[in-house]
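Commentary on secondary and tertiary structure
Here is what each chain is made of, one letter per residue.
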Amino acid sequence: MKKTDVWVCMLIHGHPTYYLAGRQAVLSVLRRSGFNVFVVTDHMYKTGLLRRKRLLVRPLGQVEHGVRARRFLAKFQAINTLLQHTESELVMLLDADAVLVRNITADDVRRALDGRGLGMVEQTTILNSTMSRVDFLQHYQKHSLAWLDPEAQAPPLEGYRFYNSGVVLAQRKELERLSAWAQEMLAKRPGDHIVGEHMVADQDYFQYYANNLYPHSCRELPWQWNHCEHWDQGFPRPGAYVVHFSNFCMRPGWRQLRRIRDTWRQGVG
């Protein structure tokens, strides 16, 4: 496999429906792109995906039980494993409930990044709520910063983005820097990752990295890269690259699994 190929990195574990959703995500990548897929999981046989071209599977190490956030923070273990076993210059991090719905190439990823190390879509609202960037910034201050860096000042409103980490595009060097920092932080902060009633998980780490630690590292991607019914009007819109069936940290339901399968197979125009 060429060094310039794109590797899609996925973590698949947890409730049984995550394995079924992850199967559809992997199949969508294999069908809709020429990318290689790197899966980190504890039970590959549960996905029904065993030997397939362009698919590499590595075992998930131990995940601390009893700390809910650790199930999500294991994404950084998956990233670190990917970096150890591949030499890819371009990476797409994809949640198990996100699927490709349109054919994409490495040039699409490269153009989307436009020279930046990371690329993510801003979640601007939660539909049927009054949530705005102001509210997301307040949440970031009260929870993400409170856990990760209580002495830090949040960026001004015009400079802040509530990035959704369900889909992340990255250049290898930036991902190496992020992974090293995340592993260091996780070693320093081994607690429950809870602030008030809110869990501090992988998305908080990505947001802190892109908003505070290295604020010029991330390019804000257009909605097409992370299209979701919870924050995009007119779902599903034609032209999307990736459709994300986020359930706000809750497992996919059976109806949702059918929608995931049907959506990537049919596309959205």
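Computed from a predicted structure; not experimentally measured. Every chain begins its residue count from 1, and numbering advances along the sequence as written. With the structure being a predicted model, the display of local features is reserved for residues of pLDDT at least 70 and the display and counting of side-chain atom pairs for 80 or more, all residues being used for whole-chain, interface and lining totals. To get the side-chain values, all heavy atoms of the structure are used, and hydrogens and water are removed first.

**Some points on unusual backbone geometry**
A cis amide bond links F235 with the next residue in sequence, P236, at an omega value of -5°. With respect to the secondary-structure elements, P236 resides in the loop between β10 (218–221) and β11 (242–244). Despite not being glycine, D114 has its phi angle at roughly 50°, a positive value. A run of DSSP states H or I qualifies as a helix once it reaches four residues; a run of E qualifies as a strand once it reaches two. Both are numbered from the N-terminal end. If you trace the backbone, D114 turns up in the loop between α4 (106–113) and β6 (118–122).

**A few points about the layout of surface pockets**
Over the atoms a probe the size of a water molecule is rolled, and this reveals where empty space is left. Cavity means a closed set of points on a 1 Å grid over the protein atoms alone, one where a 1.4 Å probe fits but cannot get out, pocket means an open set with protein on both sides within 12 Å along at least 5 of 7 lines, and lining means a residue has an atom within 4 Å of a point. Grid points are joined across faces, edges and corners, and a volume is the space filled by probe spheres set on the points. Considering only enclosed or pocket space, the second largest pocket measures out at about 180 Å³ in volume. In this structure, the second largest pocket is lined by 13 residues; those nearest its centre are H13, V63, E64, H65 and R71. Residue type decides the class: Asp, Glu, Lys and Arg count as charged, Ala, Val, Leu, Ile, Met, Phe, Trp, Tyr, Cys and Pro as nonpolar, and the leftover types, Gly among them, as polar. Its residues placed into classes, the lining of the second largest pocket shows 3 nonpolar, 6 polar and 4 charged.

**What to know about helix α6 (residues 172–188)**
End to end, α6 covers 24 Å across 17 residues, agreeing with the expected 24 Å (1.5 Å per residue, within 8%). Only protein chains enter the accessibility calculation, which uses a 1.4 Å probe; a residue is then buried when its area is under 20% of its type maximum, exposed when over 50%, and partly exposed in between. Residues R172, E174, L175, L178, S179, W181, A182, M185 and L186 constitute the buried set of α6. The span you would expect from a helix comes to 1.5 Å times its residue count less one.

**Focus: the packing of aromatic side chains**
Note on aromatic pairs: the rings of Phe, Tyr and Trp (six-membered ring only in Trp) are paired at centre separations within 6.5 Å, and the planes decide the class, stacked below 30 degrees, edge-to-face beyond 60, tilted for the rest. Scanning the model with the defined rule gives 11 aromatic pairs in all. Residues F235 and F245 carry aromatic rings whose centres are separated by 6.2 Å and whose planes lie at 90° to one another, so their mutual orientation is edge-to-face. Taken together, the positions of F235 in the loop between β10 and β11 and F245 in the loop between β11 and α8 (254–266) put the pair 10 residues apart, joining distant regions of the chain. According to the relative accessible area criterion, F245 is buried, its value standing at 1%. Geometrically, a lysine NZ or arginine CZ counts as sitting over a ring once it is within 6 Å of the ring centre and also within 35 degrees of the ring normal. One residue, R189, lies across the ring of W147, its end atom 4.2 Å from the ring centre. Its guanidinium or amino end placed over the ring of W223, R237 lies 4.7 Å from that ring's centre, counting from NZ or CZ.

**Structural notes on the sheet that holds strand β3 (residues 55–59)**
Backbone hydrogen bonds are what pair the strands of a sheet, in a parallel or an antiparallel way. Ordered in space as β3-β2-β1-β4-β7-β6-β10, the 7 strands form an open sheet in which the pairing is mixed. If you trace the sheet from one side to the other, it starts and ends with β3 and β10, each paired once. Mean inter-strand twist for the sheet, computed between neighbouring axes without regard to direction, equals 25°. At least two DSSP bridges between two strands are needed for those strands to be called paired. Alignment of β6 against strand β7 (residues 163–171), held across 4 bridges, turns out to be antiparallel. Directly across from G119, in β7, lies its bridge partner L169. Across the face of the sheet, α6 comes into contact with β4 (90–94), β6 and β7 while running at roughly 125° to β7. Throughout, a residue-residue contact means that at least one pair of heavy atoms, one from each residue, lies within 4.5 Å. Angles run from 0 to 180 degrees between N-to-C directions of axes, and those axes are lines fitted to C-alpha atoms, restricted for helices to the stretch in contact. Across the sheet, helix α7 (residues 202–213) is in contact with β4, β6, β7 and β10; its angle to β7 comes to roughly 60°.

Treat this as a map of the structure, not an account of what it does.
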